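Here is how the chains run, residue by residue.
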Amino acid sequence: QVQLVESGGGLVQPGGSLRLSCAASGRIITIYNMGWYRMAPGKQRELVAVITSSGTTSYGDSVKGRFIISRDNAKNTVDLQMNSLKPEDTAVYYCNADLVVVGSSYRNYWGQGTQVTVSS
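(A) Up close: the sheet that holds strand β1 (residues 3–7). Ordered in space as β1-β3-β8-β7, the 4 strands form an open sheet in which the pairing is antiparallel. Edge positions in the sheet fall to β1 and β7 (67–72), since each of these pairs with one other strand and no more. Neighbour-to-neighbour, the strand axes of the sheet open up by a mean angle of 15 degrees, direction not taken into account. One ladder, built from 6 bridges, connects β7 with strand β8 (residues 77–82); its direction is antiparallel. Note that in β8 the partner of Asp72 across the bridge is Thr77.

Structure, rendered in structure tokens:
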């Protein structure tokens, strides 16, 4: 079974920084795209950032220039460095990955989510 485990959420003041990490574990053969999504109360889930296996990145418009996504293919991890945080960045952040595991075909997986709260 595959697990995506996030860490690094918490409470931060506006203008501050946080770093989220996500580790994929299990009988993984290949990981394609890895990314972060978020869901704020009363809002739809939105893309934050995604990174391909070759390192190509894409960001949601609301975080461009402030957030940086990176990954370590050897460790099956993806990080999200969040800078200049705003109250509107408050949400549950979910790790997401497209991957293939032993005995199965290509599938999309989600982590359990980690809360990020930006408030003074």
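Resuming the write-up.
(B) Broad picture of the pattern of salt bridges. Evaluated as defined, the whole model comprises 5 salt bridges. Residues Asp79 and Arg19 are paired through a salt bridge, measuring 3.2 Å at the closest nitrogen-oxygen approach. With Asp79 in strand β8 and Arg19 in strand β3 (residues 18–25), the pair connects residues that are 60 residues apart, well separated along the chain. The residue Arg38 makes a salt bridge to Asp89 at a minimum N-O spacing of 2.9 Å. Of this pair, Arg38 sits in strand β4 (residues 28–39) while Asp89 sits in the loop between β8 and β9 (91–101), and the two are 51 residues apart along the sequence. Just as Arg38 is buried, Asp89 falls in that class too. Overlapping salt bridges bring together Arg38, Glu46, Arg66 and Asp89 as one network.

Conventions and cut-offs
- Residues numbered from 1 in each chain as written.
- Predicted model: local features only at pLDDT ≥ 70, side-chain atom pairs only at ≥ 80, totals over all residues.
- Heavy atoms only, no water.
- Pairing = 2+ DSSP bridges.
- Helix = DSSP H or I, 4+ residues; strand = E, 2+ residues; numbered from the N terminus.
- Axes fitted to C-alpha atoms, helices over the stretch in contact; angles between N-to-C directions.
- Salt bridge = Lys/Arg side-chain N within 4 Å of Asp/Glu carboxyl O.
- Buried < 20%, exposed > 50% of the residue type's maximum accessible area, 1.4 Å probe, protein only.

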